[in-house]
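# Secondary and tertiary structure notes
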Amino acid sequence: MQNDPVWTEATLTATRDLTPDIRLLEIAPVGGALAWDPGSHIDLAVDLNGRLDRRSYSLVGTADPAVYRIAVKRVAASRGGSSWLHGLLPGQRLQVSAPRNRFPLQHGAASYLLIAGGIGITPLLGMAEALLQRGADFRLLYAVRSRRDLAFADMLTTRLGDRLGLFVSDEANRMDLMREVAVLPAHADIYFCGPSRMLAGLQDVLAQLDRSSSSLRFETFGSGGLQPNEPFWVKVPRLGIEIAVPENSTMLDALEAAGVEVMSECRRGECGLCAVDVVAVEGGIDHRDVFLSEQQKRENHRLCACVSRAVHGGLVIDTAWRADQ
Ligand code: FES
């Protein structure tokens with residue numbers, strides 16, 4: 001039960017490789033691109049072996065009346081959306097949503113710290129540009145695993161100068177979140193986009209430094225767990241259903257494919273809408289969301305079906321959605 005957007009016909013007009021794994025796509029919707037603010041994303045309908053699904057991508061740069069620009073990282077172990085998009089050629093017809101913004105840049109903070117992990121740089125590019133144009137006090141910290149993962153680095157270096165911090169972990173140049181946050185002015189706002197485990201590290205730093213988490217706004221992706229993906233089973237006794245969740249599918253996708261309606265929105269472990277009640281566990285649960293508290297994760301009474309998984313067994317669950325509601 002996804003909150004489906006209104007689709008608009010569009011054409012892929014150009015592609016450009018930014019790194020070996022990240023490709024910039026320019027997409028021209030029929031009738032022109034709508035205006036958007038930094039932090040906005042569009043949804044794309046993607047073809048997964050004949051099954052249409054939806055993926056969200058942050059809009060890159062600043063608004064252009066002709067096209068939307070997105071940067072897509074190909075992820076081999078993903079559900080297939082990024083590989084499909086990397087295989088497209090200019091001229092391909094697409095369906096796109098209007099821009100929406102769940103990660104807006106708020107005005108008026110005394111200072112800003114933007115933190116990007118990997119492809120999480122994409123929504124922060126427009127924020128950095130907007131802050132630059134406003135003359136705001138800010139820094140952008142951009143961390144990647146290896147130099148081949150750096151996208152937009154030349155442009156950022158030119159635009160931002162010493163406001164930019166680049167960190168390449170396999171060159172022994174890791175971002176030290178504790179040090180960066182410790183020197184922030186008291187009323188600074190922090191905007192983060194990166195992997196959920198990096199976000200957990202940042203939240204931990206905020207707690208250790210007694211900084212309010214209300215200063216933090218974030219988006220995450222790539223909800224990698226503590227355990228590798230493996231298949232598991234799910235039973236929904238109320239519906240008399242037992243399904244198998246393959247290694248390369250989410251529990252939410254598998255439930256939906258079996259006709260089980262589950263509320264969802266972000267599909268990346270942030271909003272909590274897809275949380276289901278856990279009745280019993282065989283094995284364990286690899287919680288991969290950033291919505292439930294650490295206490296809730298330890299209790300194992302709920303899990304976010306869009307990202308979290310069972311390990312070494314399966315789950316008996318009840319879904320929050322009821323046909324009679
Ligand atoms: S749909 Fe948002 S947490 Fe699962």
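Attention here is on the structure that accompanies the text.

Definitions and cut-offs
- Residues numbered from 1 in each chain as written.
- Predicted model: local features only at pLDDT ≥ 70, side-chain atom pairs only at ≥ 80, totals over all residues.
- Heavy atoms only, no water.
- Helix = DSSP H or I, 4+ residues; strand = E, 2+ residues; numbered from the N terminus.
- Rg over C-alpha atoms; globule rule 2.2 N^0.38 Å.
- Buried < 20%, exposed > 50% of the residue type's maximum accessible area, 1.4 Å probe, protein only.
- Contact = heavy atoms within 4.5 Å.
- Areas by Shrake-Rupley, 256 points an atom, 1.4 Å probe, with all protein chains shown as cover.
- Lys, Arg positive; Asp, Glu negative; His and termini not counted.
- Charge placed at Lys NZ, Arg CZ, Asp CG, Glu CD.
- Salt bridge = Lys/Arg side-chain N within 4 Å of Asp/Glu carboxyl O.

## Observations concerning the overall build of the chain
- Within the chain, the secondary structure is distributed over 7 helices and 17 strands.
- For 325 residues, the compact-globule estimate of 2.2 N^0.38 gives 20 Å, and the C-alpha radius of gyration of the chain, at 20 Å, lies within 12% of that figure.
- By principal-axis analysis of the C-alpha atoms, the chain measures approximately 60 × 50 × 40 Å.
- Here the chain holds 325 residues, and the buried ones make up 51% of them.
- Partitioning the intrachain contacts of the chain with sequence separation of at least 6 by distance along the chain shows that 68% fall at a separation of at least 24.
- Just so you have it, the chain exposes about 15000 Å², and 50% of that area is on carbon and sulfur atoms.
- Distance from the positive charge centre (34 side chains) to the negative charge centre (39 side chains) of the chain: 2 Å.

## A few points about unusual backbone geometry
- Notably, Asn300 is not glycine yet its phi reads approximately 60°, a positive angle.
- Its place among the elements puts Asn300 in the loop between helix H7 (294-299) and strand S16 (302-304).
- In this structure, His312 takes a positive phi of about 60° despite not being glycine.
- Relative to the assigned elements, His312 resides in strand S17 (residues 309-318).

## Overview of the pattern of salt bridges
- Tallied over the full model, the rule gives 20 salt bridges.
- Across the pair Arg102 and Glu265 runs a salt bridge whose closest N-O atoms are separated by 3.1 Å. Residue Arg102 is located in the loop between strand S7 (100-101) and strand S8 (111-117), and its partner Glu265 is located in the loop between helix H6 (251-257) and strand S15 (275-286); the two are separated by 163 residues in the primary sequence.
- Relative accessible area serves as the criterion here: at 32%, Arg102 is assigned to the partly exposed category.
- Here Arg139 and Glu180 are joined by a salt bridge, their closest N and O atoms 2.9 Å apart. With a gap of 41 residues between them, Arg139 in strand S9 (residues 138-144) and Glu180 in helix H4 (residues 177-182) connect regions that are remote in the sequence.
- Taking relative accessible area as the criterion, Arg139 reaches 31% and is therefore assigned partly exposed.
- Glu180 gets classed as buried once you look at its relative accessible area, which sits at 8%.

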